[in-house]
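Here's the letter readout for the chains.
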Amino acid sequence: MKKHRVKIGVVFVTLLLAFWLVVAFQRSILLLTDPDPVAKALGAAYLLLPLIGAWALVRELLFGAQTERMASQLHSEGGLPVDDLPRTPAGRIVREAADAQFPAYQAEVEARPEDWRAWFRLSCAYDAAGDRSRARRAMRHAAKLHRGRPASGPA
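Residues numbered from 1 in each chain as written. Predicted model: local features only at pLDDT ≥ 70, side-chain atom pairs only at ≥ 80, totals over all residues. Heavy atoms only, no water.

Quick word on the environment of alanine 107
Quick reminder of the rule: Secondary structure elements follow DSSP: runs of H or I of four or more residues count as helices, runs of E of two or more count as strands, with numbering from the N terminus.
With respect to the helices, strands and loops of the structure, alanine 107 is situated in helix α3 (residues 95-111). In this structure, the C-alpha to C-alpha distance between alanine 107 and alanine 118, residues 11 residues apart in sequence, is 9.2 Å.

Structure, rendered in structure tokens:
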């Protein structure tokens with residue numbers, strides 16, 4: 001059920017962003033067609049916002065799809081980390097428990113730095129410990145390894 005709620009949320013946010021991109025693009029075109037040179041300059045600058053937004057949206061959707069493919073593959077191989085960490089009454093993972101498990105995942109990456117599966121599990125461990133930025137970097141690195149790109153350290 002949680003997986004479906006997440007996908008519904010992604011669709012909702014994507015639709016909102018797409019709406020904003022269309023409106024921003026429309027406004028930039030209106031400014032570009034204005035005879036005033038300042039309005040034209042603002043329109044050109046404003047045109048960058050929807051382009052950057054569209055690029056970011058596509059990049060994040062592709063990242064999510066890649067992550068889901070890797071998770072499905074790990075699940076079918078029986079390699080996903082077991083989610084058995086204790087939780088608070090609010091449902092959050094107890095940080096100390098996540099921190100206690102972290103060294104095992106870190107050691108796995110150190111032993112097999114070219115294994116995307118190890119990096120995927122390390123990303124999950126970072127996420128459980130509350131370190132979202134490192135979790136994301138580790139997952140991006142896992143995705144590069146999964147696609148067969150040469151790795152030069154976590155991206």
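Some thoughts on the packing of α3 against helix α4 (residues 116-128)
The condition that has to hold: To get an axis, fit a line to the C-alpha atoms, keeping to the stretch in contact for a helix; angles then go from 0 to 180 degrees between the N-to-C directions. Orientation is classified from the angle alone, with under 35 degrees giving roughly parallel, over 145 giving roughly antiparallel, 65 to 115 giving roughly perpendicular, and any other angle giving oblique. Handedness of a helix crossing follows the sense of rotation of the near helix relative to the far helix, less than a right angle counterclockwise being left-handed and clockwise being right-handed. Any two residues whose heavy atoms approach within 4.5 Å are treated as being in contact. Residue polarity is assigned by list, with Asp, Glu, Lys and Arg as charged and Ala, Val, Leu, Ile, Met, Phe, Trp, Tyr, Cys and Pro as nonpolar; anything else, Gly included, falls into the polar class.
Put simply, α3 and α4 touch, their axes get as near as 9 Å, and they point 160° apart. Overall, the two elements α3 and α4 adopt an arrangement that is roughly antiparallel. You can see that α3 and α4 cross each other, and the crossing is left-handed. Side by side, α3 and α4 meet where Ala98, Phe102, Tyr105, Gln106, Glu108 and Val109 of the first sit next to Ala118, Trp119, Arg121, Leu122, Ala125, Tyr126 and Ala128 of the second. Of the residues contributing to the contact of α3 with α4, the split by class is 10 nonpolar, one polar and two charged.

Topic: α4
Put simply, the rule reads: Every helix has an expected span of 1.5 Å times one less than the residues it contains. Between buried and exposed lies partly exposed: a residue is buried under 20% and exposed over 50% of the maximum accessible area for its type, with that area taken using a 1.4 Å probe on protein chains only. In the analysis that follows, any N or O atom pair within 3.5 Å is treated as a polar contact, provided that within protein one partner can donate a hydrogen and the other can accept it, and provided that, for residues neighboring in sequence, both atoms belong to side chains.
Here α4 contains 13 residues, and its C-alpha end-to-end distance of 18 Å stays within 8% of the 18 Å for a straight helix at 1.5 Å per residue. Burial analysis of α4 places 10 of its 13 residues in the buried class, the great majority of the element. Within the sequence span of α4, burial applies to Trp116, Ala118, Trp119, Phe120, Arg121, Leu122, Ser123, Ala125, Tyr126 and Ala128. Sitting at the amino-terminal end of α4 is aspartate 115, which places a side-chain oxygen 3.0 Å from the backbone nitrogen of arginine 117.

Here's the deal with a nonpolar patch on the surface
What counts here: Residues enter patches when they are more than 30% accessible in relative terms and free of salt bridges; like-charged ones are connected within 9 Å and nonpolar ones (Val, Leu, Ile, Met, Phe, Trp, Tyr) within 5 Å. Accessible surface is estimated by sampling points in the Shrake-Rupley manner with a 1.4 Å probe; for residues, cover comes only from the protein chains shown. Throughout this description, the term salt bridge denotes a Lys or Arg side-chain nitrogen within 4 Å of a carboxyl oxygen of Asp or Glu.
On the surface, a cluster of nonpolar side chains totalling about 450 Å² of accessible area is made up of Leu48, Leu51, Ile52 and Trp55. Along the chain, leucine 51 falls in helix α2 (residues 37-77).

Topic: the packing of aromatic side chains
Note the threshold: Any pair of Phe, Tyr and Trp rings, taking the six-membered ring for Trp, is counted once the centres come within 6.5 Å. Such a pair is stacked with planes under 30 degrees apart, edge-to-face with planes over 60 apart, and tilted for the rest. Criterion for a charge above a ring: Lys NZ or Arg CZ within 6 Å of the ring centre, and within 35 degrees of the ring normal.
A full pass over the atoms with the stated rule returns one aromatic pair. Ring centres of phenylalanine 102 and tyrosine 126 lie 4.8 Å apart, and the angle between their planes is 55°; this geometry places the pair in the tilted category. With phenylalanine 102 in helix α3 and tyrosine 126 in helix α4, this residue pair connects regions lying 24 residues apart in the sequence. Taken as a pair, phenylalanine 102 and tyrosine 126 share a single burial class, namely buried. Lying over the aromatic face of phenylalanine 63, arginine 140 brings its terminal NZ or CZ to 4.1 Å of the ring centre.

Brief notes about the pattern of salt bridges
Where charged atoms from two side chains of opposite charge approach closely, those side chains can pair. The tally for this structure, following the rule as stated, stands at 12 salt bridges. Measuring nitrogen to oxygen at the nearest pair gives 2.7 Å for the salt bridge that ties arginine 87 to aspartate 83.

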